[in-house]
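# Structure assessment
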Amino acid sequence: MNTNKWKIGDLIWVPRQALGLYAKVGDPDFWKLGIITSMDKHDCVWFFYNNHFEKIHINHVRRAEETT
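What counts, and at which threshold
Residues numbered from 1 in each chain as written. Predicted model: local features only at pLDDT ≥ 70, side-chain atom pairs only at ≥ 80, totals over all residues. Heavy atoms only, no water. Pairing = 2+ DSSP bridges. Helix = DSSP H or I, 4+ residues; strand = E, 2+ residues; numbered from the N terminus. Buried < 20%, exposed > 50% of the residue type's maximum accessible area, 1.4 Å probe, protein only. Polar contact = N/O pair within 3.5 Å; in protein donor to acceptor, adjacent residues only side chain to side chain. Contact = heavy atoms within 4.5 Å. Patch = residues over 30% accessible without salt bridge, like charges linked within 9 Å, V, L, I, M, F, W, Y side chains within 5 Å. Areas by Shrake-Rupley, 256 points an atom, 1.4 Å probe, with all protein chains shown as cover. Salt bridge = Lys/Arg side-chain N within 4 Å of Asp/Glu carboxyl O.

It is worth spelling out the sheet that holds strand E4 (residues 52–57) at this point. Within a sheet, neighbouring strands are paired by backbone hydrogen bonds and run either parallel or antiparallel to one another. Across the sheet, which stays open at both edges, the five strands sit in the order E4-E3-E2-E1-E5 with antiparallel pairing between neighbours. Every interior strand has two partners, whereas the edge strands, E4 and strand E5 (62–63), have only one. Of the strand pairs in this sheet, strand E1 (residues 11–15) and E5 are connected by two bridges, and their pairing is antiparallel. Each residue of the ladder has a partner; that of Trp13, found in E5, is Arg62.

Here it is, written out as structure tokens:
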């Protein structure tokens, strides 16, 4: 995936569990809202959620809002 479309500060939906990838984006039972704080060269992002940082591969996140 091309990480150039993602940038630090983007709001993202992150799956709470693997099943979240098949649920409706934004459903609080399956998704959590985070903000990208850094990116690495292996297509992973660090995001801030619920007062801590987590790391996930960019292919598993969804954009929380569309940019124009």
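Turning our eyes to something else, we now look at the side chain of Lys32. Mapped onto the elements of the fold, Lys32 is located in strand E2 (residues 31–39). In this structure Lys32 comes out as buried when scored by relative accessible area, which is 10%. Within the structure, the side chain of Lys32 is placed 3.0 Å from the side chain of Glu54, a separation counted as a polar contact. In this view, Lys32 contacts Ile12, Trp13, Val14, Pro15, Arg16, Phe47, Tyr49 and Glu54; residues no more than four positions away in its chain are not counted.

A word on the environment of Thr37. Positionally, Thr37 belongs in strand E2. Separated by 27 residues in the primary sequence, Thr37 and Asp10 place their C-alpha atoms 8.4 Å from one another.

Let's shift gears to a nonpolar patch on the surface. On the surface, Leu11, Leu33, Ile35, Trp46, Phe48 and Phe53 cluster together into a nonpolar patch covering about 500 Å² of accessible area. When you line up the elements, Ile35 lands in strand E2.

The next thing to look at is the pairing of strand E3 (residues 44–49). Consecutive side chains along a regular strand alternate between the two faces of the sheet. In terms of strand pairing, E2 meets E3 through four bridges, oriented antiparallel. Along E3, the bridge assignment pairs Ser38 with Trp46. Between E2 and E3, which pair antiparallel one after the other, the connecting turn spans four residues, and Asp43 there sits at a positive phi close to 60°. Strand direction decides the pairing type here: E3 and E4, joined by six bridges, are antiparallel. When the bridges of E4 are listed, Tyr49 appears paired with His52. Adjacent in sequence and paired antiparallel, E3 and E4 are bridged by two residues, among which Asn50 carries a positive phi angle near 55°.

Read these as layout, nothing more, since geometry by itself doesn't imply function.
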